[in-house]
Amino acid sequence: MRAWALKSRPAGTPVADNFQLIEAADAPLGEGEYRITNSWLSVDPYMRGRMNDVKSYAPPFGIGEAMTGGAVGTVTESNNADYPVGCKVLHMAGWRDTAVAGGSNPPEGGMPPVKLPDLGVPDQHWLSIIGMPGGTAWFGLLKVGAAKEGETVFVSAAAGAVGSTVTQIAKAKGMTVIGSAGGADKCAWVKEIGADACIDYKAGPVLPQLRAALKELGKSGVDVYFDNVGGEHLDAALACSNERARVAICGMIDVYNNQQAQSMQYLTMIIGLRIKIEGFLYPDFAAQVPEFNADMAKLIASGAVKGRETVMEGLEKAPDAFIGLFTGANTGKMLVKV
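The model shown is predicted, which means the values in this text are computed figures rather than measured ones.

**Q** Account for the overall build of the protein, with residues named and values stated.
**A** Counting its regular elements, the protein contains 8 helices and 15 strands. The C-alpha radius of gyration of the protein comes to 20 Å, within 12% of the 20 Å expected for a compact globule of 338 residues. With 338 residues in all, the protein has 54% of them scored as buried. Here the analysis covers contacts within the protein between residues at least 6 apart in sequence; of these, 68% occur between residues at least 24 apart. Only carbon and sulfur atoms are counted for the fraction: they give 52% of the accessible area of the protein, which is about 14,700 Å². Between the mean site of the 30 positive side-chain charges and the mean site of the 35 negative ones, the protein shows a separation of 5 Å.

Printed below as a string of structure tokens:
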């Protein structure tokens, strides 16, 4: 088994030298265990927080220990009748080429492996539009943000895995969508997948561009802000909020590598406009995953939601794929094909 581990903890944006590829002999399977050969690995911004030696909602990665993350693979050896050879599994023992699950092994990442149902979607979609990113988008928009038909939704990182899915779900359910992305090409794609407008945060300050987009669309303000970024985007959303707007926060990639205090000019808008701000995590909605799966399967089948992935080939590319999240290297979901 080959796996990636931290060699050192990053100071700021991670670099290749923070990672090391380790090897371990494949042990014989015990009772109830099964071996998974991974085909797809996920890298996600939240993993940056786990590289710091601080207490958080997920434990930090240990130096020299195999890292974890979302993965899809095929069972290639099994002592478990529920997971026979040949079945596909979604699990959290990523950052490696093979993994052993079942038996007395605690589930990696605290999330038990899931045998994939046949919904007619490509395997890698279980790490994007019908996996954790897609579920994060669906739960954040419809449950946390309580977005409704006719409302105006602002989405940061709209060309990313979660943001692009939020954009498509919102349009499919009759909302006006303003996205934000970095660069003309990404903004063009965000509009291609349904956004009514897209601002380029690399072209200038967010707030004047957001105000201009709202004016052009004839909208008074933002009803729901889906936050993947934090910082300037969150402040601009508060400045442009309608009364009783909702803010669903699942990420703040702006601050993951720079732990400096954020300057917020429009926080006082929360009071007068009675803005509701709520952070959330995908596992918060574990009991509602079947509802998400059913609705997302329909949206995918209808063509309303389409997945797009940026793929790097080979286990060796996992650190490059992860680092690329912080330089805008991905459009849609960043994946590693093992």
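**Q** Outline the sheet that holds strand 8 (residues 152-155), listing residues and values.
**A** Strand pairing in a sheet relies on backbone hydrogen bonds, with the paired strands running either antiparallel or parallel. Pairing within the open sheet is parallel, and its 6 strands lie in the order 10-9-8-11-12-13. The open sheet has two free edges, formed respectively by strand 10 (197-200) and strand 13 (276-279), since each of these has just one partner strand. Sheet twist, expressed as the average angle between the axes of neighbouring strands with direction ignored, equals 15°. Here strand 12 (residues 241-249) pairs with strand 13 via 4 bridges, running parallel. Pairing of Ala-248 across the sheet is with Glu-278, part of strand 13. Strands strand 8, strand 11 (222-227), strand 12 and strand 13 of the sheet are contacted by helix 1 (residues 132-144), whose axis makes an angle of about 150° with strand 11. Against the sheet, helix 5 (residues 231-239) engages strand 8, strand 9 (176-181), strand 11, strand 12 and strand 13, with an angle of about 155° to strand 12.

**Q** So what about the nonpolar core? Which residues, and what values?
**A** Grouped together as the largest cluster of nonpolar side chains are 46 residues, with contacts concentrated most on Leu-141, Ile-169, Val-190, Phe-226 and Met-296. Listing elements by their share of this core, those giving two or more residues are helix 1, strand 8, helix 2 (161-172), strand 9, helix 3 (184-192), strand 11 and helix 7 (289-302). Non-local contacts of Phe-226, meaning those with residues more than four positions away in its chain, are made with Thr-136, Ala-137, Gly-140, Leu-141, Phe-154, Val-155, Ser-156, Val-162, Val-166, Ala-248, Cys-250 and Phe-280. Formed by 23 residues, the second largest nonpolar core is a distinct cluster that contains Ala-213, Ala-237, Leu-238 and Ala-239.

**Q** Give a detailed account of helix 1, specifying residues and quantitative values.
**A** Between its first and last C-alpha, helix 1 extends only 16 Å over 13 residues, short of the 18 Å set by a 1.5 Å rise per residue. Of all 13 residues in helix 1, 11 are buried, a share of seventy percent or more. Along helix 1, the residues that are buried comprise Pro-133, Gly-134, Gly-135, Thr-136, Ala-137, Trp-138, Phe-139, Gly-140, Leu-141, Leu-142 and Val-144. Just beyond helix 1, the residue with positive phi is Ala-146, at close to 50°.

**Q** With reference to specific residues and values, describe the packing of aromatic side chains.
**A** This model, assessed by the stated rule, comprises 13 aromatic pairs. Ring geometry for Phe-226 and Phe-280: centres 6.1 Å apart, planes at 80°, overall edge-to-face. Of this pair, Phe-226 sits in strand 11 while Phe-280 sits in the loop between strand 13 and helix 7, and the two are 54 residues apart along the sequence. Taken as a pair, Phe-226 and Phe-280 share a single burial class, namely buried. Where Phe-280 meets Phe-285, the ring centres are 6.4 Å apart and the plane angle is 75°; that geometry is what we call edge-to-face.

**Q** I'd love a proper account of the packing of helix 1 against helix 7, names of residues and values included.
**A** Across the interface, helix 1 lies against helix 7 with an axial gap of 10 Å and an inter-helix angle of 100°. Here helix 7 runs roughly perpendicular to helix 1, going by the angle between their axes. Each of Gly-134, Gly-135, Trp-138, Phe-139 and Lys-143 in helix 1 lies in contact with helix 7, whose residues at this interface are Val-289, Glu-291, Phe-292, Asp-295 and Met-296.

**Q** Any chance you could break down the pattern of salt bridges for me, citing the residues and the numbers?
**A** Under the definition given, this model contains 15 salt bridges. The residue Lys-88 makes a salt bridge to Asp-123 at a minimum N-O spacing of 2.8 Å. Residue Lys-88 is found in strand 5 (residues 88-91), and its partner Asp-123 is found in the loop between strand 7 (114-115) and helix 1; the two are separated by 35 residues along the sequence. For Asp-123, a relative accessible area of 22% gives the class partly exposed.

About the criteria used
Residues numbered from 1 in each chain as written. Predicted model: local features only at pLDDT ≥ 70, side-chain atom pairs only at ≥ 80, totals over all residues. Heavy atoms only, no water. Helix = DSSP H or I, 4+ residues; strand = E, 2+ residues; numbered from the N terminus. Rg over C-alpha atoms; globule rule 2.2 N^0.38 Å. Buried < 20%, exposed > 50% of the residue type's maximum accessible area, 1.4 Å probe, protein only. Contact = heavy atoms within 4.5 Å. Areas by Shrake-Rupley, 256 points an atom, 1.4 Å probe, with all protein chains shown as cover. Lys, Arg positive; Asp, Glu negative; His and termini not counted. Charge placed at Lys NZ, Arg CZ, Asp CG, Glu CD. Pairing = 2+ DSSP bridges. Axes fitted to C-alpha atoms, helices over the stretch in contact; angles between N-to-C directions. Core = buried A, V, L, I, M, F, W, Y, C linked by side-chain atoms within 4.5 Å. Expected span 1.5 Å × (residues − 1). Phe/Tyr/Trp six-rings, centres within 6.5 Å; stacked < 30°, edge-to-face > 60°. Parallel < 35°, antiparallel > 145°, perpendicular 65-115°, else oblique. Salt bridge = Lys/Arg side-chain N within 4 Å of Asp/Glu carboxyl O.

Geometry only, nothing functional implied.
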